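# Observations on chain architecture
What follows is the residue order along each chain.
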Amino acid sequence: MDDGFLMEVCVDSVESAVNAERGGAGRIELCAGLVEGGTTPSMGLLQVVKQCVRVPVFVMIRPRGGDFLYSDREVEVMKADIRLAKLHGADGLVFGALTEDGRIDTELCTALLAVCRPLPVTFHRAFDMVHDPLVALETLISLGFERVLTSGCDSSALEGLSLIKRLAEQVMSSARCVTSHVFPPGGGITERNLQRILEGSTASEFHCSARSARDSGMKFRNPNVAMGASFSAPEYSIKVADVAKVRTLNAIAKNIL
């Protein structure tokens, strides 16, 4: 935060983590399955990333894609993953949980926060699926989450900018005196819209992936087989954090803040 802002880059590989740090990221959110919005990474990935970067690494705790309504067995998986992430050097954790009627699952969040401590915790974009974001934000503040990541309950942070601004104002006016950087915008942030988002939200942190597609090094290719569902990424194109994109976003934020 030496420059008055912090850029968090979400990554799903060692290469992306290294590129994010080289480009100026102040923090990494480590995930698997970015095509699903991010799931829990392997502990092997966490170990190697921690060996390769110096910036803080926050680990996503999400046992599957889809909704944020979890079964008892999925909760046990989440607790086990939190303990393992702490054991292998996580600097913070990232999770979210909702009830079936779209409210914050306070009971589950309280239990997971207890396992996470003393590490800082971010409530991720499960927030964008809540029934009432203003009420949900107050709940998360009272529970003790340090950050709430959101696209303003819309398809991107730019589309949800008016709500992000309203939520940021709510945070600033809170009787708990929570600082504004607890509320970073994220979702669809690019070099084309970052200035509008930062100026419109008054945020001092932001979250992005800054990825580009890189062609696979494979020479032999079988075009008749896909390893995942029809909507999954193609096998012979790899998306990684782009150093130039991260640097550009970094420069834009410095000029604004």
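Notes on the structure in this doc start here. Bear in mind that the values here come from a model prediction, so they are computed numbers and not experimental data. The residue count restarts for each chain, going from 1 along the sequence in the order it is written. The model is predicted, so local features are restricted to residues of pLDDT at least 70 and side-chain atom pairs to those at 80 or more, both for listing and for counting; the totals for chains, interfaces and linings are taken over all residues. Side-chain measures were taken over the full set of non-hydrogen atoms in the model, leaving aside hydrogen atoms and water.

Right, let's talk about helix α1 (residues 14-23) for a bit. Accessibility here uses a 1.4 Å probe with only protein chains present; expressed as a share of the type maximum, an area under 20% marks a residue as buried, one over 50% as exposed, and anything in between as partly exposed. Comment: elements are numbered from the N terminus, with helices defined as DSSP H or I runs of at least four residues and strands as E runs of at least two. Restricting attention to buried positions, one finds in α1 the residues Ser-16, Ala-17, Asn-19, Ala-20 and Gly-23. One side of α1 carries all its buried residues, which in axial view fall inside an arc of 165°. The positive-phi residue at the C-terminal boundary of α1 is Gly-24, with phi of around 115°. For this quantity, the arc is that covered by the directions from the helix axis to the C-beta atoms.

By the alternation rule, side chains of strand β7 (residues 205-208) split into Glu-205 and His-207 and Phe-206 and Cys-208, which are all buried. As paired elements, strand β1 (residues 6-11) and β7 share 4 bridges and run parallel to each other. Bridge pairing in β7 links Leu-6 to Glu-205. Strand pairing is assigned whenever DSSP identifies at least 2 bridges connecting the two strands.

Right, let's talk about unusual backbone geometry for a bit. Note the cis peptide between Arg-117 and Pro-118, where omega equals 15°. When you line up the elements, Pro-118 lands in the loop between α4 (106-116) and β5 (121-123). In this structure, Cys-153 takes a positive phi of about 55° despite not being glycine. Relative to the helices and strands, Cys-153 is located in the loop between β6 (147-148) and α6 (161-172).

The next point concerns the nonpolar core. In these notes, a set of buried Ala, Val, Leu, Ile, Met, Phe, Trp, Tyr and Cys residues joined through side-chain atoms within 4.5 Å is what counts as a nonpolar core. Formed by 67 residues in total, the largest nonpolar core has its most connected members in Phe-95, Phe-123 and Phe-206. For this core, the element with the most residues is α4, which contributes 6 residues.

Take the pattern of salt bridges next. Every case where a carboxyl oxygen of Asp or Glu lies within 4 Å of a side-chain nitrogen of Lys or Arg is listed as a salt bridge. Per the counting criterion, the structure on display carries 11 salt bridges. It is possible to trace a salt-bridge network through shared partners that takes in Glu-8, Arg-27, Arg-147 and Glu-205.

Let us now look at the state of the cysteines. Count a disulfide wherever a pair of cysteine sulfur atoms falls within 2.5 Å. Under the criterion given, the structure shown has 0 disulfides. Cysteine Cys-109 is unpaired, with the sulfur of Cys-116 as its nearest cysteine sulfur at 9.7 Å.

Moving on to the pairing of β1. Counting buried residues in β1 gives 6 out of 6 residues, a clear majority hidden from the surface. Taking every second residue as pointing to the same face, both faces of β1 are buried, with Leu-6, Glu-8 and Cys-10 on one and Met-7, Val-9 and Val-11 on the other. Of the pairings in the sheet, the one linking β1 to strand β2 (residues 27-30) comprises 4 bridges and is parallel in character. For Cys-10, the partnering residue across the bridge sits in β2 and is Glu-29. Look down the strands so they point away from you; if the path from the first strand over the helix to the second goes clockwise, the crossover is right-handed. Remark: the β1/α1/β2 crossover connection has right-handed handedness.

So, on to the sheet that holds β5. Spatially, 7 strands are ordered β6-β5-β4-β3-β2-β1-β7 in an open sheet, and the strand pairing comes out parallel. With one partner strand each, in any of the chains shown, β6 and β7 form the two edges of the open sheet. Docked against the sheet, α1 engages β1 and β2, running at close to 165° with respect to β1. This element, α4, spans β4 (92-95) and β5 of the sheet and lies at about 160° to β4. We call two residues contacting when some pair of their heavy atoms lies within 4.5 Å. Axis lines are fitted through C-alpha atoms, for helices just across the contact stretch, and the angle between N-to-C directions can take any value from 0 to 180 degrees.

This paragraph deals with the environment of Ile-61. Residue position: Ile-61 is located in the loop between β3 (57-60) and α3 (72-87). Distance from Ile-61 to Gly-96, taken between C-alpha atoms, is 8.2 Å for residues 35 residues apart in sequence. Beyond its immediate sequence surroundings of up to four residues, Ile-61 is in contact with Thr-40, Met-78, Asp-81, Ile-82, Leu-93, Val-94 and Phe-95.

Our next topic: the packing of aromatic side chains. In summary, the pairing rule links any two rings of Phe, Tyr or Trp, Trp by its six-membered ring, whose centres are within 6.5 Å, and it sorts them by plane angle into stacked for under 30 degrees, edge-to-face for over 60 and tilted for everything else. Summed over the entire model, instances satisfying the criterion amount to 2 aromatic pairs. Here Phe-95 and Phe-145 contribute two aromatic rings whose centre-to-centre distance is 5.4 Å and whose plane-to-plane angle is 65°, an arrangement assigned as edge-to-face. With Phe-95 in strand β4 and Phe-145 in the loop between α5 (133-143) and β6, the pair connects residues that are 50 residues apart, well separated along the chain. Side by side, Phe-95 and Phe-145 carry an identical accessibility label, which is buried. Considering the side-chain rings of Phe-123 and Phe-145, the 5.3 Å spacing of their centres and the 90° angle between planes classify their relative orientation as edge-to-face. Of the two residues, Phe-123 sits in strand β5 while Phe-145 sits in the loop between α5 and β6, which places them 22 residues apart along the sequence. When sorted by exposure, Phe-123 lands in the same class as Phe-145, which is buried. Through successive ring pairs, a cluster of aromatic residues spans Phe-95, Phe-123 and Phe-145.

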